[in-house]
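These are the residues of each chain, in order.
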Amino acid sequence: FYSLRTAVQIGVLTSLFPFVSMLGTMFWSGIADKQRRHRTILLVLIACSLFVLIFYTIHPLVKNFALLLLLHLILSFFSSAIPSITDSFVLAILGNILCKRGGGGQLQLAKLIGMNNEKELYGQQRLWGAISWGLSSFLSGIILDHLPIE
């Protein structure tokens, strides 16, 4: 992939990701919060990201830098908000659990952190997310090593 690119092209691809990611995260997080449809937005973002990734890997026109740049920008825009919306989704789920344990009430971050020392629930979610990410990356590497991909 990178062997087919010049240093300038690699620099353009790499430098645009943070900028587009910032815009994408603000856009998608704003929509999810305003519409209160975090699950739906999250599923749409995952589906769009997977579609772009699959297109990235199988389409022969990706050798064209303009198309590669477009796909990279689209992927950055859709995939960037997945972690923040997932965190928001997990906090909302944990907040509902804590509110049920605590006798109801409105979910507020300060309440979530201080209530019955249950903040460890979020830490556990992050820990197991990191472990599963690491394992899936490791297993994906093994699988890709055994596939006939050039």
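Here's a quick rundown of the structure. What you see is a predicted model; the values in this text were computed from it and never measured. (Residues numbered from 1 in each chain as written. Predicted model: local features only at pLDDT ≥ 70, side-chain atom pairs only at ≥ 80, totals over all residues. Heavy atoms only, no water.)

Its volume calculated, the second largest pocket comes out at about 550 Å³. Lining of the second largest pocket is provided by 15 residues; of these, Pro 83, Gly 129, Ala 130, Ser 132 and Trp 133 occupy positions nearest its centre. Those elements giving two or more residues to the lining of the second largest pocket turn out to be helix 4 (82-102) and helix 6 (120-146). Tallying contributions element by element places helix 6 first for the lining of the second largest pocket, with ten residues. (1 Å grid on protein atoms, 1.4 Å probe; cavity = no way out; pocket = protein on both sides within 12 Å on 5 of 7 lines; lining within 4 Å. Points joined across faces, edges and corners; volume = space filled by probe spheres on them. Helix = DSSP H or I, 4+ residues; strand = E, 2+ residues; numbered from the N terminus.)

Located in the positive-phi region is Arg 36, a residue other than glycine, with phi close to 55°. What makes Arg 36 exposed here is its relative accessible area of 73%. (Buried < 20%, exposed > 50% of the residue type's maximum accessible area, 1.4 Å probe, protein only.)

On to the side chain of His 38. Here His 38 is to be found in helix 2 (residues 38-58). Those residues in contact with His 38 that lie beyond four places of it in its chain are Ala 32, Asp 33, Ile 85, Ser 88 and Phe 89. (Contact = heavy atoms within 4.5 Å.)

Core analysis: the biggest nonpolar cluster contains nine residues, these being Trp 28, Ala 32, Ile 41, Leu 42, Leu 45, Phe 78, Ala 81, Ile 82 and Ile 85. Looking at this core, the elements that each hand over two or more residues are helix 1 (7-35), helix 2 and helix 4. The leading source of residues in this core is helix 2, at three residues. Among all residues touching Ile 41, those that are not within four sequence positions of it are Trp 28, Ile 31, Ala 32 and Ile 85. (Core = buried A, V, L, I, M, F, W, Y, C linked by side-chain atoms within 4.5 Å.)

Attention now moves to the packing of helix 1 against helix 2. Closest axis-to-axis distance for the helix 1/helix 2 pair is 8 Å, and the angle between their directions is 150°. Here helix 2 runs roughly antiparallel to helix 1, going by the angle between their axes. Residues Trp 28, Ile 31, Ala 32 and Asp 33 of helix 1 touch helix 2, and the partners they reach there are His 38, Ile 41 and Leu 45. Class assignment of the residues belonging to the contact of helix 1 with helix 2 gives a composition of five nonpolar, one polar and one charged. (Axes fitted to C-alpha atoms, helices over the stretch in contact; angles between N-to-C directions. Parallel < 35°, antiparallel > 145°, perpendicular 65-115°, else oblique. Nonpolar A, V, L, I, M, F, W, Y, C, P; charged D, E, K, R; others polar.)

With the rule as written, the count across this model stands at five aromatic pairs. An angle of 75° between the planes, with centres 5.8 Å apart, marks the rings of Phe 77 and Phe 78 as edge-to-face. Overall, Phe 78 belongs to the buried group, its relative accessible area being 17%. (Phe/Tyr/Trp six-rings, centres within 6.5 Å; stacked < 30°, edge-to-face > 60°.)

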